[in-house]
Amino acid sequence: MKLYYSHIAPNPTKIRLYLAEKAIGGAQIPMTEVLIDLRAGEQNSPDHTVRNYFQSVPVLELDDGSYLIESLPAMEYLEELYPMPSLVGRTAIERARIRQLERIAETRVLNPLARFVHSTRSPLGLHPSPEIAESALKTLTKGLSFFDQLLTDGRQFVTGEQPSIADCTLAAGLNFGRYGGFECDPSLANLERWDRSYRARPHVREALASVSIWAT
Ligand SMILES: N[C@@H](CCC(=O)N[C@@H](CS)C(=O)NCC(=O)O)C(=O)O
């Protein structure tokens, strides 16, 4: 399989964190990473447009040459092939709760953070827009406070004692925000504790290192 990705983009980072979590847990998922340079517009090339009509990353190329072009189904597909260690939960209710938190992490944190960064300091050179930045911040503030409250009980990971796809999505979103100069409100102490401890894990640090170099 091949993963078409970009260092700076949060949705591919989500899958790269997922792969790092699977690998550290013992799953051997053969994957070749292929860099798509978004700043050079490679996502709009004819070759990439064949892979993904929407000209975005990530794209997961399967061994039969077909493609998955959405990050969550791509992770869920890999999870079906390599169920251990589970990053999506084992029982019906666990799976629903983890998927719910992953969706909240994407729609209330990662997406508004991406909108905020692209409307203030876009790595793709998009025009700044104070209106979009303000509306993104409104959604984001609630999303961040949701996770801060969830983490009040001191749990190590978003969904409990084991990492899950929800951690991957939340970490990918926050990392992109950091890249764009977004600072979390320091009063969100539980979220900050989670963020620091999640990022301090060596395989996560390594997966995110290629993202951070863009911030310098
Ligand atoms: N819903 C898609 C979103 C994909 C997406 O928006 N990718 C962004 C990077 S995070 C992209 O490729 N942007 C390039 C562009 O729009 O030109 C997913 O979950 O994979």
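Criteria and cut-off values
- Residues numbered from 1 in each chain as written.
- Predicted model: local features only at pLDDT ≥ 70, side-chain atom pairs only at ≥ 80, totals over all residues.
- Heavy atoms only, no water.
- Helix = DSSP H or I, 4+ residues; strand = E, 2+ residues; numbered from the N terminus.
- Rg over C-alpha atoms; globule rule 2.2 N^0.38 Å.
- Buried < 20%, exposed > 50% of the residue type's maximum accessible area, 1.4 Å probe, protein only.
- Contact = heavy atoms within 4.5 Å.
- Expected span 1.5 Å × (residues − 1).
- Pairing = 2+ DSSP bridges.
- Right-handed = clockwise from strand over helix to strand, strands pointing away.
- Domains from an automatic or database assignment.
- Buried area = accessible area lost by both parts, 1.4 Å probe.
- Axes fitted to C-alpha atoms, helices over the stretch in contact; angles between N-to-C directions.
- Parallel < 35°, antiparallel > 145°, perpendicular 65-115°, else oblique.
- Near = heavy atom within 4 Å.
- Polar contact = N/O pair within 3.5 Å; in protein donor to acceptor, adjacent residues only side chain to side chain.
- Areas by Shrake-Rupley, 256 points an atom, 1.4 Å probe, with all protein chains shown as cover.
- 1 Å grid on protein atoms, 1.4 Å probe; cavity = no way out; pocket = protein on both sides within 12 Å on 5 of 7 lines; lining within 4 Å.
- Sits in = over half its atoms within 2 Å of the grid points.

### So, the overall build of the protein chain
(1) Moving on: The number of helices and strands found in the protein chain is eight helices and four strands.
(2) Moving on: Against the compact-globule benchmark of 17 Å for 216 residues, the protein chain has a radius of gyration of 17 Å, which places it among compact chains.
(3) Moving on: Summarising its shape, the C-alpha atoms of the protein chain cover approximately 45 × 45 × 30 Å along the three principal directions.
(4) Moving on: When burial is assessed residue by residue, the protein chain has 48% of its 216 residues classed as buried.
(5) Moving on: Excluding contacts between residues fewer than 6 apart, the proportion of contacts in the protein chain whose partners are at least 24 apart in sequence is 69%.

### Quick look at helix α1 (residues 10–24)
(1) Moving on: The terminal C-alpha atoms of α1, which comprises 15 residues, lie 21 Å apart, in line with the 21 Å expected from a rise of 1.5 Å per residue.
(2) Moving on: Counting buried positions along α1 yields twelve of 15 residues, so the element is predominantly enclosed.
(3) Moving on: Positive phi appears at Gly26, one or two residues downstream of α1, with a value of about 105°.

### Digging into the pairing of strand β2 (residues 32–35)
(1) Moving on: With four bridges connecting them, strand β1 (residues 2–5) and β2 associate as parallel partners. Across the sheet, Lys2 pairs through a bridge with Thr32, a residue of β2.
(2) Moving on: Crossover β1 to β2 through α1 is right-handed.

### Considerations on unusual backbone geometry
(1) Moving on: Cis geometry marks the peptide bond from Val57 to Pro58, where omega comes out at 10°.
(2) Moving on: Within the fold, Pro58 resides in the loop between α2 (46–51) and β3 (59–61).
(3) Moving on: Of note, the bond from Met84 into Pro85 is cis; its omega dihedral lies within 30 degrees of zero at -10°.
(4) Moving on: Relative to the helices and strands, Pro85 is located in the loop between α3 (71–81) and α4 (92–120).
(5) Moving on: Positive phi values are uncommon outside glycine, yet Gln55 reaches one of about 55°.
(6) Moving on: Position of Gln55 relative to the elements: it lies in the loop between α2 and β3.

### As for the domain arrangement of the protein chain
(1) Moving on: Along its sequence, the protein chain is organised into domain 1 (2–81) and domain 2 (92–201).
(2) Moving on: Between domain 1 and domain 2, the C-alpha centre-to-centre distance is 20 Å.
(3) Moving on: Contacts between the two partners involve 14 residues from domain 1 and, on the opposite side, 17 residues from domain 2.
(4) Moving on: Per-residue buried area on domain 1 facing domain 2 is highest for Pro10, Glu21 and Leu72; these three make up 37% of the total on that side.

### Notes on the packing of α4 against helix α6 (residues 165–179)
(1) Moving on: One way to put it is that α4 packs onto α6 with a least axis distance of 8 Å and a crossing angle of 10°. One finds that α4 runs roughly parallel with respect to α6. Contact residues: Ile98, Leu101, Glu102, Ala105, Glu106, Val109, Leu110, Leu113, Ala114, Val117 and His118 in α4; Ile165, Ala166, Thr169, Leu170, Ala172, Gly173, Leu174, Phe176, Gly177 and Tyr179 in α6.

### Comments concerning the environment of Ile36
(1) Moving on: Within the secondary structure, Ile36 is located in the loop between β2 and α2.
(2) Moving on: Overall, Ile36 belongs to the buried group, its relative accessible area being 5%.
(3) Moving on: A sequence separation of 24 residues divides Ile36 from Leu60, and the C-alpha atoms of the two residues are 12 Å apart.
(4) Moving on: Excluding anything up to four places from it in sequence, Ile36 contacts Tyr4, Tyr5, Ser6, Glu42, Gln43, His48, Arg51 and Val57.

### Details of the site of the ligand
(1) Moving on: Close to the ligand lie Ala9, Pro10, Asn11, Pro12, Gln43, Ser56, Val57, Pro58, Ile69, Glu70 and Ser71, which account for all nearby residues.
(2) Moving on: In the model, a nitrogen atom of the ligand is placed 2.7 Å from a nitrogen or oxygen of the Val57 main chain.
(3) Moving on: Between the ligand and Glu70, the relevant distance is 2.8 Å, taken from a nitrogen atom to a side-chain nitrogen or oxygen of the residue.
(4) Moving on: In the complex, the protein chains occlude 72% of the 520 Å² of accessible area that the ligand would expose alone.
(5) Moving on: Judged by the proximity of its atoms to the pocket grid, the ligand belongs to the largest pocket.
(6) Moving on: A total of three residues in the shell around the ligand trace back to one element, the largest contributor, which is α1.

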